[in-house]
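The chain contents come next:
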Amino acid sequence: MAEAATDTHATDSQDSGADIFAAESFEALLNETLGENSSLEGTVIKGTVIAVRNDHVVVDVGLKSEGRVPLKEFTKAGEDPELKPGDGIDVYVERYEDRDGNIILSREKARREEAWNELEKAYTESRRVKGQIFGRVKGGFTVDLSGAMAFLPGSQVDIRPVRDITPLMGQPFEFQILKMDRSRGNIVVSRRSVLEETRAEERAKLLERLKEGEILDGVVKNITDYGAFVDLGGVDGLLHVTDISWKRINHPTEALSIGQTVRVQVIRFNPDTQRISLGMKQLEADPWEGVAVKYPTGTKFAGRVTNITDYGAFVELEPGVEGLVHVSEMSWTKKNVHPGKIVSTSQEVTVMILDVDPDKRRISLGLKQTMGNPWSDFLGKFPPGTEVEGEIKNITEFGLFIGLPGEIDGMVHLSDLDWARSGDEAVKDYKKGDVVKAKVLDVDVDKERISLGIKQLGDDPYAAATADLRKGQTVTGVVTQVQDNGIEVEVSGAIGFIRKSDLARDRGDQRPERFAVGEKVDAKITNIDKANRRIGLSIKAREVDEEKQAMADYGSADSGASLGDILGAALRQAQEKADGDS
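For clarity, every value in this text was computed on a predicted model and none was experimentally measured.

Colleague: How do you make sense of the overall build of the chain when you look at a structure like this?
Modeller: For the chain, the count of helices and strands is nine helices and 30 strands. Contacts in the chain between residues far apart in sequence, at least 24 positions, make up 57% of those at least 6 positions apart. Of the accessible surface of the chain, which amounts to about 34,800 Å², a share of 48% is contributed by carbon and sulfur atoms.

Colleague: How should I be thinking about the pairing of strand β21 (residues 387–396) in this particular structure?
Modeller: Successive residues of a regular strand alternate their side chains across the two faces of the sheet. In the sheet, β21 pairs with strand β24 (residues 435–444) via five bridges, with the strands oriented antiparallel. What sits directly across from glutamate 391, in β24, is valine 435. As paired elements, β21 and strand β22 (residues 399–404) share four bridges and run antiparallel to each other. Counted as the bridge partner of isoleucine 392 is isoleucine 402 from β22. Counted between consecutive antiparallel strands, the loop separating β21 from β22 contains two residues.

Colleague: Please explain the sheet that holds strand β17 (residues 312–318) as it appears in this structure.
Modeller: Consider a sheet: its strands pair through backbone hydrogen bonds, and that pairing is either parallel or antiparallel. Read around the barrel, five strands follow the order β16-β17-β18-β20-β19 and close on themselves; strand pairing throughout is mixed. The average angle at which neighbouring strand axes cross in this sheet is 50°, direction not considered. Where β17 lies against strand β18 (residues 321–326), six bridges are found, and the strand directions are antiparallel. Bridge pairing in β18 places phenylalanine 314 opposite leucine 324.

Colleague: What's the story with unusual backbone geometry in this structure? I'm lost.
Modeller: Negative phi characterises most residues that are not glycine, and trans characterises most peptide bonds. Of note in this structure, glutamate 407 is not a glycine but carries a positive phi near 60°. Counting through the fold element by element, glutamate 407 comes out in the loop between β22 and β23 (408–413). Since its relative accessible area comes to 65%, glutamate 407 is described here as exposed.

Colleague: Which parts of the structure should I look at to understand the packing of aromatic side chains?
Modeller: Aromatic ring pairs are reported here in terms of the distance separating the ring centres and the angle at which the planes meet. Applying the stated criterion across every chain, the model contains four aromatic pairs. With a centroid separation of 4.9 Å and 35° between ring planes, the pair formed by phenylalanine 378 and phenylalanine 382 is classed as tilted. Relative accessible area serves as the criterion here: at 2%, phenylalanine 378 is assigned to the buried category. The ring of phenylalanine 173 carries arginine 191 above its face, with NZ or CZ at 4.3 Å from the centroid. Above the plane of the ring of phenylalanine 314 lies arginine 248, whose end atom (NZ or CZ) is 4.0 Å from the centre.

Colleague: What is the right way to read the pairing of β23 from this model?
Modeller: What you see with β23 is a clean split: Ile408, Gly410 and Val412 sit on the buried side and Asp409, Met411 and His413 on the side with no burial. The hairpin formed by β22 and β23 contains three residues between the paired strands, and glycine 406 there has a positive phi angle of roughly 90°. One ladder, built from two bridges, connects β23 with strand β25 (residues 449–453); its direction is parallel. Bridge pairing in β25 links methionine 411 to serine 451.

Colleague: Looking at this structure, how should I read the pattern of salt bridges?
Modeller: Where charged atoms of side chains with opposite charge meet at close range, the side chains can pair. Inspection of every chain in the model, using the stated rule, returns 22 salt bridges. Glutamate 318 serves as the salt-bridge partner of lysine 294, at 3.1 Å between the closest nitrogen and oxygen. Of this pair, lysine 294 sits in helix α4 (residues 291–294) while glutamate 318 sits in strand β17; the two residues are 24 residues apart in sequence, bridging distant segments of the chain. The exposure class of lysine 294 is partly exposed, given its relative accessible area of 36%. Linking lysine 524 and aspartate 545 is a salt bridge whose minimum nitrogen-to-oxygen distance equals 2.6 Å. With lysine 524 in strand β29 (residues 520–529) and aspartate 545 in helix α8 (residues 539–554), this residue pair connects regions lying 21 residues apart in the sequence. The partly exposed category is assigned to aspartate 545, whose relative accessible area is 31%. Residues joined in a network through salt bridges with shared partners are Arg128, Glu174 and Glu197.

Colleague: What is the right way to look at helix α3 (residues 192–209) in this model?
Modeller: Count 3.6 residues to each turn of an α-helix, and residues three or four apart come out pointing the same way. Here α3 contains 18 residues, and its C-alpha end-to-end distance of 26 Å stays within 8% of the 26 Å for a straight helix at 1.5 Å per residue. The set of residues buried in α3 consists of Val194, Arg199, Leu206 and Leu207.

Colleague: In this structure, what is going on with helix α5 (residues 374–381)? I would like to understand it.
Modeller: When α5 is considered as a whole, its buried residues turn out to be Pro374, Trp375 and Phe378. Viewed along the axis of α5, the buried residues span an arc of 100°, placing them on a single side of the element. Looking at the buried positions of α5, the neighbouring elements they touch are β21, β22, β23, β24 and β25.

Colleague: What am I meant to see in the environment of glutamine 274 here?
Modeller: With respect to the helices and strands, glutamine 274 occurs in the loop between β14 (261–270) and β15 (275–279). Owing to a relative accessible area of 32%, glutamine 274 belongs among the partly exposed residues under this scheme. Taking the C-alpha atoms as reference, glutamine 274 lies 8.8 Å from valine 235; in sequence the two are 39 residues apart. Residue contacts for glutamine 274: discarding those within four places in its chain leaves Arg203, Leu207 and Phe269.

Colleague: Mind showing me how you'd approach the sheet that holds strand β13 (residues 236–240) here?
Modeller: Spatially, the five strands close up into a barrel ordered β11-β12-β13-β15-β14, and their pairing is mixed. Taking each pair of neighbouring strands and ignoring which way they run, the sheet shows an average axis angle of 50°. Across four bridges, the pairing between strand β11 (residues 215–223) and strand β12 (residues 227–231) is antiparallel. In the strand pairing of β12, valine 220 is matched with valine 230.

Colleague: Is there a simple way to explain the side chain of aspartate 434 in this structure?
Modeller: Mapped onto the fold, aspartate 434 is located in the loop between α6 (423–426) and β24. A distance of 3.0 Å separates a polar atom in the side chain of aspartate 434 from the backbone nitrogen of lysine 431. When residues no more than four places from it in sequence are discounted, the contact partners of aspartate 434 are Gly390, Glu391, Ile392 and Asp429.

Colleague: Sorry if this is basic, but what is going on with the environment of threonine 345 here?
Modeller: Structurally, the position occupied by threonine 345 is in the loop between β18 and β19 (348–357). Its relative accessible area of 48% is what places threonine 345 among the partly exposed residues. As for threonine 345 and alanine 313, which are separated by 32 residues in sequence, their C-alpha atoms are 8.7 Å apart. What threonine 345 contacts, discounting residues up to four positions off in sequence, is Val305, Thr306 and Ile308.

Rules and cut-offs
- Residues numbered from 1 in each chain as written.
- Predicted model: local features only at pLDDT ≥ 70, side-chain atom pairs only at ≥ 80, totals over all residues.
- Heavy atoms only, no water.
- Helix = DSSP H or I, 4+ residues; strand = E, 2+ residues; numbered from the N terminus.
- Contact = heavy atoms within 4.5 Å.
- Areas by Shrake-Rupley, 256 points an atom, 1.4 Å probe, with all protein chains shown as cover.
- Pairing = 2+ DSSP bridges.
- Axes fitted to C-alpha atoms, helices over the stretch in contact; angles between N-to-C directions.
- Buried < 20%, exposed > 50% of the residue type's maximum accessible area, 1.4 Å probe, protein only.
- Phe/Tyr/Trp six-rings, centres within 6.5 Å; stacked < 30°, edge-to-face > 60°.
- Lys NZ or Arg CZ within 6 Å of the ring centre and 35° of its normal.
- Salt bridge = Lys/Arg side-chain N within 4 Å of Asp/Glu carboxyl O.
- Expected span 1.5 Å × (residues − 1).
- Arc of directions from axis to C-beta.
- Polar contact = N/O pair within 3.5 Å; in protein donor to acceptor, adjacent residues only side chain to side chain.

If you want it as structure tokens, here you go:
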């Protein structure tokens, strides 16, 4: 039994040794076949194309077994590969054998390895690299750097925020590598830093040669209410809204848009502050040259309303030449109306040139002057003395306003309402909206006033009553009113007044209370005031005249007769004459 066990153990040992020998022999055989080439795995080696078959390329890399590379790694989708047998290519050895005994190669990884080597060198030397933006990812974009993929943050695409990156996709650009980690396969690049560096170089060159009067091309970078900032290639200049065009521009967006290429002229340049003022209109002919000859005073022209303000409206006569129609020159009749209620923006109008000031670039225009003057027209149709009819538009403390043809008003003063009554009393007979007749008294075209009268439609009773009266004439009147300062007397239908000092020759008799309403008195006319419709009378003047006449008729102081004797004789004679008449 022991011998048997020993034999069995010996047999097992022999089998185990045989297995180990066999394994070592296979490893030796493999090493003999591959040699030291196993160290090539994970590296890039040279190869030669043997054939292109279906979806892969057969490549000879100098080993006993041929390698295969997927055909798609040599071309883009939809394109035919530009490969033929005998072409030499670089490939990446992924592993030596697949289950079919072939070496697995990769052209794409080979390019990536080459790219990484070049990128690491460029990163070390701070050199720019070329690539293409080809996709979007969270927070930015992907960039193909000749086979190596890099991340481009959204903030690093351009100097200014880019709303639409579509035009940049697939285009070749230079990038600066910001960060690189080969072990993790991470590359972060920036296009903005390249642009800023280029911009700084261009800015320095531009500022060095820039001078006033120079004409440049630029791109509108930003637009504000007061103008636009134009990128001249590394440096910005301000294009003020007043220098965009000769014609009126209310906001720069009317003529410019962001990203637009414009030609500008340098108006002012301060090298110390590096401030640049630009102009576009300076590249065009000044339309104000010879404007006084083109637009003589008193002529009419067609124009377009460009702007309306509280004080008037601006009318464009030609591009770049505008004039102002002041609110006072817009309408003959609409005085307190906003210009926007008379004209509208973009409306075509006919205006008259009132004044031209080329130095101040001002043209005064008139709109109402192109229409008939309603006061002149009224005067032509209704001269003074003509009767008119109209509606009472308004009643004020000094008269009536009556609407007349031509959308104008005429005024009837309170004093022209009635011959006999006062204006305050007569105006109570009228109300707004009444249609009345009146006579035209006066038309003042310059002052735009028309005076009317209602009482003038009839004859003046005062004129008839005073037609036969003369100054110095003695008349008989009836007392109508007794006042402290005199008495009022009616004479032939007209009103006269005798002042207290004119009531008698003797001072003691100059008392108004001596007279009663209805009493007849004889007095001398001292004044006829037609304007105020009053007659001045004097009893004192009549008595003085009678005394002088008596002295002349009955004697004088030289004859020895006293004044009493003379007056007594005169009175007796007057009495006798009166008795004889009776």
